[in-house]
Amino acid sequence: MMMEGEGPQENSSCLLMQLEHILGSDPLIDEVGFVHPTQLMALNGGSAGSLDASANNFQQSSDHVVDTDILLYENSVFWTRDHKLAISTQSLLPLYRAAKHAFMTAIRQYKMLHNLCTKTDRLVDETVQNRSLASENLLESEVMKHSKALLLLSCDFGSAWNGRKLVLSKKQQFSLFMDELLLSALILSYSPKSECAWSHRRWVIKTISGKFPNLQEMVEKESELVENIAEKLKMNYRAWSHRCWLISYMTKEQMLSELKKSKKWAELHVADNCCFHYRSQLMLRILEDSCLRQVPEFCSSHVPDLYQMWKEELDWGETLIRRFVGREALWVHRRFLSQCWIKHFVSGIQGFVCSCLHLVVVEANSSSSRY
């Protein structure tokens, strides 16, 4: 018997079921957006039957009996095509409440069963063990399904991220870890500064770093992801911090390649200090890998490659300073280069100081002429 007040909750559950079906039927969704209901109706008007076809596919592939009215609940709430998903802003609150309730229930039951299994005597009946394992697998699936929907609606819900970590740590399946990278990338498509999403990506990479055969390829793709996100949202400190963290997994060839690739980007974004900081971290790591810091003093002629790299960076920075007057990020980067030059390349210190003083005078004159 339906009690008073159960209607909205039932409707929310139907919406959640439909959202989870969409996410499950298209694991390659790479972008999500939250749009006004009128915009969504216009989208569905131009692609009628998008959810109908999705429902038919589900009915053919599922082993469970599903009410058709649930799957076709409201096509003005969702729109999906070409691995893109749009959700009506009007339905976000009921969806969030339903997803939170479903996830909290699933994770509570999963933890209870998991603790019970660890405390149970090993010499238990095999039939009971199989039933317990089946129940645990079912709850794991529920936790992953509900947490995915919840994180899509509230990307900084820490308990949902931790619940996924709990399941992944137990399963230790490589395919599941790769799915996590897809999920976090999906969330970053609309929330590029989500610290939880970036942190989760680092946890995944760190966890599989010793097991993934082509880790360098993954690092390269991660670097490209950061650059694409930084292009959409300037001054994204969290994204660039993630890219700096990746340096520890890069080979020397990759670091040199990153220096080359980031140079053009920096020239087009001279006010973005994050990119210049990234370049400084790359150069410091190359310096450390060459074991130069273990030597208190040395002549620049002993390390011609590093000397040339620093010299080219200084000359390039000077060109940008002359071209873009008054950009603080350029001067901050030059201070870093100057300190390293003085500390490690001491042979040309006097001429270098004179060059810096001359550049400061030119900058001051250029700045005063603008007023």
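Summarised in this report is the structure supplied together with it. Throughout, a residue's number is its position along its own chain's written sequence, starting from 1. Where totals are concerned, whole chains, interfaces and linings use all residues; where local detail is concerned, this predicted model gives features only for residues with pLDDT of at least 70, and gives and counts side-chain atom pairs only at 80 or more. The side-chain values count all of the structure's non-hydrogen atoms but skip hydrogen atoms and water molecules.

This next bit is on the nonpolar core. In terms of nonpolar packing, the biggest core is built from 89 residues, with Leu19, Leu85, Leu152 and Trp310 touching the most fellow members. Sequence-distant contacts of Leu152, defined by excluding residues within four places in its chain, comprise Leu19, Leu23, Val32, Phe34, Leu85, Ile87, Leu186, Ile187 and Tyr190. Residue types Ala, Val, Leu, Ile, Met, Phe, Trp, Tyr and Cys, when buried and joined through side-chain atoms within 4.5 Å, form a set referred to as a nonpolar core. Residue exposure (1.4 Å probe, protein chains only): buried if accessible area is under 20% of the type maximum, exposed if over 50%, otherwise partly exposed. It only takes one pair of heavy atoms within 4.5 Å for two residues to be counted as in contact.

Pairing between strands requires that DSSP locate at least two bridges from one strand to the other. Runs of E in the DSSP output that reach at least two residues are strands. Runs of H or I that reach at least four are helices, and both are numbered from the N terminus. With 4 bridges connecting them, strand 2 (residues 78-81) and strand 3 (residues 84-88) associate as antiparallel partners. Its bridge partner being in strand 3, Trp79 is matched across the sheet by Ala86. Here strand 2 hands over to strand 3 after 2 residues, with Asp82 in that stretch at a positive phi of 55°.

What follows is about the packing of helix 9 (residues 195-208) against helix 10 (residues 215-232). Axis lines are fitted to C-alpha atoms, over the contacting stretch for helices. Their N-to-C directions set the angle, which ranges from 0 to 180 degrees. Viewed as axis vectors pointing N to C, helix 9 and helix 10 meet at an angle of 170°, and their least axial separation amounts to 11 Å. One element, helix 9, and the other, helix 10, form an angle in the roughly antiparallel class. Where helix 9 approaches helix 10, its residues Trp198, Arg201, Ile205 and Ile208 are matched on the opposing element by Leu215, Met218, Glu222, Leu225, Val226 and Ile229. Amino acids outside the nonpolar list (Ala, Val, Leu, Ile, Met, Phe, Trp, Tyr, Cys, Pro) and the charged list (Asp, Glu, Lys, Arg) are all regarded as polar, and Gly is one of them. Looking at the contact of helix 9 with helix 10 residue by residue, the class counts come to 8 nonpolar, no polar and 2 charged. Note that the term roughly parallel is reserved for angles under 35 degrees, roughly antiparallel for angles over 145, roughly perpendicular for angles of 65 to 115, and oblique for everything else.

Another aspect to go through is the sheet that holds strand 3. Spatial ordering of the open sheet is given by 1-3-2, a layout of 3 strands whose pairing is mixed. Of all strands in the sheet, those bounded by a partner on one side alone are strand 1 (31-35) and strand 2. Sheet twist, expressed as the mean angle between neighbouring strand axes with direction ignored, is 15°. Summarising the sheet, strand 1 and strand 3 pair through 5 bridges and their orientation is parallel.

Another point: the pattern of salt bridges. Salt bridges are defined as contacts in which a side-chain nitrogen from Lys or Arg sits within 4 Å of a carboxyl oxygen from Asp or Glu. Within this structure, the stated rule accounts for 18 salt bridges. Its salt-bridge partner being Asp315, residue Lys311 comes within 2.9 Å of it at the nearest N-O pair. In this pair, Lys311 and Asp315 are both assigned in helix 14 (residues 304-323), 4 residues apart and thus about one turn of the helix distant. What makes Lys311 partly exposed here is its relative accessible area of 32%. The class for Asp315 is partly exposed, based on a relative accessible area of 35%. With a closest N to O distance of 3.0 Å, Arg322 and Glu318 form a salt bridge. Remark: Glu318 and Arg322 occur in helix 14; sequence separation between them is 4 residues, near one turn of the helix. Beyond isolated ion pairs, a larger network of salt bridges with shared partners links Glu136, Glu140, Lys170 and Lys171.

Think of it this way: a Phe, Tyr or Trp ring, Trp meaning its six-membered ring, pairs with another when their centres are within 6.5 Å, and the plane angle makes it stacked under 30 degrees, edge-to-face over 60, tilted otherwise. Applying the stated criterion across every chain, the model contains 9 aromatic pairs. Seen from their ring centres, Phe177 and Trp203 are 6.0 Å apart, and the 50° between their planes marks the pair as tilted. Of this pair, Phe177 sits in helix 8 (residues 174-188) while Trp203 sits in helix 9, placing them 26 residues apart in sequence. Members of the aromatic cluster, each reached through a chain of ring pairs, are Trp240, Trp265 and Tyr278. A cation over an aromatic ring shows up here: Lys165 above the ring of Trp203, its NZ or CZ 5.5 Å from the ring centre. In our convention, an over-ring charge means Lys NZ or Arg CZ found within 6 Å of a ring centre and within 35 degrees of that ring's normal.

Moving on, we get to helix 7 (residues 158-171). Here, expected helix span is obtained from the residue count minus one, scaled by 1.5 Å. Along its 14 residues, helix 7 runs 20 Å from first to last C-alpha, staying within 8% of the 20 Å computed at 1.5 Å per residue. Buried residues of helix 7: Ala160, Trp161, Gly163, Arg164, Lys165, Val167 and Leu168, and no others. Directly after helix 7, the chain includes Gln172, whose backbone phi takes a positive value near 55°.

Quick look at unusual backbone geometry now. Located in the positive-phi region is His83, a residue other than glycine, with phi close to 65°. The topology assignment puts His83 in the loop between strand 2 and strand 3. For Met235, which is not glycine, the phi dihedral falls at a positive 55°. The residue Met235 is located in the loop between helix 10 and helix 11 (237-246) in this model.

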